[in-house]
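Reading the structure
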Amino acid sequence: MTAITTDKHLSGDHHEHPDLRVWGLLTFLVSESLMFGGFFATYLFFKGTTPVWPPEGTDVELLIPTINTIILVSSSFVIHLGDAAIKRNRVGWMRFWYFITAIMGAVFLVGQIYEYMNLGYGLTSNVFANCFYLMTGFHGLHVFVGLLLILGVLWRSLKRNHYSAIKHTGIEMAEIYWHFVDIIWIILFTLVYLMNAF
C-alpha cells in the first residue's frame, strides 16, 4: 500500500491532495480586491461630492494610459499562451510567452513612470491627485510584483524538468495573479481616465 501511494505521488497525481497554494493565492487576491474596492469607493465618494471633478489643473491625459491599457490587456492573452504551452509540455514556448509578457509588463511600468513625470501635479496637489497617485501607484506596485513572479517562473524553468504538463502550479499562479492585475486596471482606467475624459 505504501509503495502504491509513493508511486502515485511521484507520478504527479494531485487528485487526492489538491494544491492549497492556489487557494492561498485566491484568498490573498480577494483581500487585495477589498483594498482596491475601498480605494474605488473613496474615489467615487469624492467625485460625487466635489463640485468640479477633477479640480482645475489636474486633468487626465488619455494617450499614454490608453496605450498602457492595450499593452496590459493584451499581455493577459499572451501569458495564457504560456500556460497553454506548458500543459502541452512545451517548456520552450512557455518561456517565450512568459518572456514576452514580462516585456509588456515592464513597458507598462515605464509608461506609467513617463505619465507621472509629465502630469504637472503631485500627490498632495488636491484630493483628486491624491486618489489618482494612490490608486495608480498601488496598482503599479502590483504590476511590479507580478513582473517579479513571471521572472521567477522563467528562472525556475531553467532547471531541468522543473515544470511539465503535470507539474505547473507556479505557472498557473503567476497567470492568475496577472489576470487579477489586468482586471483591476480595467476598472481603474474606466473610473479615473474614461469617466473624466468625456
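Counting from 1, residues in each chain are numbered in the order their sequence is written. The predicted origin of the model limits local features to residues at a pLDDT of at least 70 and limits the giving and counting of side-chain atom pairs to 80 or more, whereas totals for whole chains, interfaces and linings rest on all residues. Computation of side-chain values: all heavy atoms of the structure, hydrogens and water removed.

A word on the overall build of the chain
Helix and strand counts for the chain stand at six helices and zero strands. Counting helices and strands in the order they occur from the N terminus, the chain gives α-α-α-α-α-α. Viewed in the frame of its principal axes, the chain has a C-alpha envelope of about 75 × 30 × 25 Å. Throughout this description, buried means an accessible area under 20% of the type-specific maximum (1.4 Å probe, protein chains only), exposed means over 50%, and partly exposed covers the range between. Here the chain holds 198 residues, and the buried ones make up 39% of them. Only heavy atoms enter the contact rule, under which two residues are in contact if any of them lie within 4.5 Å. Pairs at least 24 apart in sequence give 80% of the contacts found in the chain among residues at least 6 apart. Only the protein chains shown count as cover for residues, and all accessible areas are computed by the Shrake-Rupley method using a 1.4 Å probe. On the chain, roughly 11400 Å² of surface is accessible, and the fraction owed to carbon and sulfur atoms is 71%. Lys and Arg are tallied as positive, Asp and Glu as negative. Neither His nor the chain termini are counted. Throughout, a charge is located at the NZ atom of Lys, the CZ atom of Arg, the CG atom of Asp or the CD atom of Glu. One way to put it: in the chain the 11 positive side-chain charges average out to a point 15 Å from where the 13 negative ones average out. Secondary structure elements are taken from DSSP: a helix is a run of H or I of four residues or more, a strand is a run of E of two residues or more, and numbering for both begins at the N terminus.

Some remarks on the nonpolar core
By size, the foremost hydrophobic cluster in this structure holds 44 residues, and its most contacted members are Tyr43, Met94, Tyr98, Tyr121, Phe132, Val192 and Tyr193. Secondary structure elements with two or more residues in this core: α2 (20-49), α3 (63-87), α4 (91-117), α5 (127-157) and α6 (169-197). Examining the composition of this core, we find that 13 residues originate from one element, α6, more than from any other. Residues within four places of tyrosine 121 in sequence aside, it is in contact with Gly57, Thr58, Asp59, Val60, Phe128, Ala129, Phe132 and Tyr133. Buried Ala, Val, Leu, Ile, Met, Phe, Trp, Tyr and Cys residues that are joined via side-chain atoms within 4.5 Å together make up what is termed a nonpolar core.

Remarks on the UniProt feature "domain: Heme-copper oxidase subunit III family profile" (unreviewed entry) in the chain
UniProt positions are given in the numbering used here, feature names are shortened, and annotations may be inferred rather than shown by experiment. UniProt tags residues 23-197 as "domain: Heme-copper oxidase subunit III family profile" (unreviewed entry). End C-alpha atoms of residues 23-197 are separated by 39 Å, and the span's content is 79% helix alongside 0% strand.

Examining the packing of aromatic side chains
Each pair of aromatic rings taken from Phe, Tyr and Trp, with Trp reduced to its six-membered ring, is defined by centres within 6.5 Å and is described as stacked if the planes are under 30 degrees apart, edge-to-face if over 60, and tilted in the remaining cases. By the definition in use, this model includes 25 aromatic pairs. Consider the rings of tyrosine 116 and tyrosine 133, whose centres lie 5.0 Å apart with planes at 55 degrees: the pair is tilted. Of the two residues, tyrosine 116 is situated in helix α4 and tyrosine 133 in helix α5; the sequence distance between them amounts to 17 residues. Under the relative-accessibility criterion, tyrosine 116 is labelled partly exposed at 24%.

Concerning the environment of alanine 129
Along the chain, alanine 129 turns up in helix α5. With relative accessibility at 0%, the residue alanine 129 sits in the buried group. Alanine 129 has contacts with Thr58, Tyr121, Gly122 and Leu123, leaving out every residue within four places of it along the chain.

A word on α4
Given the number of residues in a helix, its expected span is that number minus one, multiplied by 1.5 Å. When the terminal C-alpha atoms of α4 are compared, their 39 Å separation across 27 residues agrees well with the 39 Å that a helix rising 1.5 Å per residue should span. Taken together, the buried positions of α4 are Met94, Tyr98, Thr101, Ala102, Met104, Gly105, Phe108, Leu109, Gly111, Gln112 and Glu115.

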